[in-house]
Amino acid sequence: MAAHTRVIMTSATERTADIEQCMAAGARAFVPKSSPLEQFADTVRMVVADGSAPLAAPAVTHPVLSPRERAVLDHIAGGLTHEQIARRLGISKHTVDTYLKRVRAKLNLGNKAELTRAALATSGQPAGY
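This structure is a prediction, so every number in the text was calculated from the model and none was measured. (Residues numbered from 1 in each chain as written. Predicted model: local features only at pLDDT ≥ 70, side-chain atom pairs only at ≥ 80, totals over all residues. Heavy atoms only, no water.)

**Student:** Quick question: what am I supposed to make of the pattern of salt bridges here?
**Tutor:** Going through the model one piece at a time under the given rule, you end up with three salt bridges. Measuring nitrogen to oxygen at the nearest pair gives 2.7 Å for the salt bridge that ties arginine 70 to aspartate 74. A residue pair is termed a helical-turn pair when its members lie 3 or 4 positions apart in one helix, as arginine 70 and aspartate 74 do in helix α3 (residues 67-77) at four residues. On the accessibility criterion, aspartate 74 (7% relative accessible area) is buried. Taking the shortest distance from any N to any O, the salt bridge between lysine 93 and aspartate 97 comes out at 3.6 Å. With lysine 93 and aspartate 97 both in helix α5 (residues 93-107) and four residues apart, the pair spans about one turn of that helix. (Salt bridge = Lys/Arg side-chain N within 4 Å of Asp/Glu carboxyl O. Helix = DSSP H or I, 4+ residues; strand = E, 2+ residues; numbered from the N terminus. Buried < 20%, exposed > 50% of the residue type's maximum accessible area, 1.4 Å probe, protein only.)

**Student:** Honestly, the packing of α3 against helix α4 (residues 82-89) in this entry has me stumped. Any pointers?
**Tutor:** Any two packed helices are characterised by how steeply their axes cross, that is the angle between the axes, and by the distance between the axes. In the contact formed by α3 and α4, the axes pass within 10 Å of each other and the chain directions differ by 135 degrees. With respect to α4, the axis of α3 lies oblique. Here the hand of the crossing between α3 and α4 comes out right-handed. Contact residues: Arg68, Ala71, Val72, His75 and Ile76 in α3; His82, Ile85, Arg88 and Leu89 in α4. (Axes fitted to C-alpha atoms, helices over the stretch in contact; angles between N-to-C directions. Parallel < 35°, antiparallel > 145°, perpendicular 65-115°, else oblique. Left-handed = near helix turned anticlockwise from the far one by under 90°. Contact = heavy atoms within 4.5 Å.)

**Student:** Teacher, can you tell me more about the confidence of the model for the protein chain here?
**Tutor:** Detailed reading of the predicted coordinates is not advisable wherever pLDDT is low. Scored by pLDDT, the protein chain comes out at a mean of 77, with 80% of its residues at no less than 70. The low-confidence segment residues 52-57 (pLDDT under 50) makes 11 contacts with residues lying over four places distant or belonging to another chain. The low-confidence segment residues 124-129, where pLDDT is below 50, has 13 contacts with residues more than four positions distant or belonging to other chains. (pLDDT = per-residue confidence, 0-100.)

Here it is, written out as C-alpha cells:
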C-alpha cells in the first residue's frame, strides 16, 4: 500500500532500528512524537510535494548521558546490583535509582536486559570489567 500511498510514521520510539524498519516497510518519512508540531507539518509538506521519492530517515540524535549515568549503566551491564553500584561509586542506592530512571527516560529503555544491550552497543564493554 505504501507504494500507492504517502505514509508518514510517527511514534514515541526514536530507536534507529525502529526508524529503519519503518522506512524499509515503505514509509516516506518518520517523525518522532517528541518533535515539535512545525517539524511534523514541514515533513507532511515535503512528502506531499515530492511523494515519488522516499525521504531519508531524519538524523536521530542520541541522548547524551552524563558521566555518572554512563558509569551506572556500565555497572548494570557488568551485573552489579544497585547496592553494589552505590558502594562502588560512593553514592546512595536512591541516587543509583535516580540515574537509572534518567537513563531509561533518555534512551527509552525498560528492563535491565535493554539497559545492558544499550551499554554494550555504545561502549562495547562495561567499564571496569
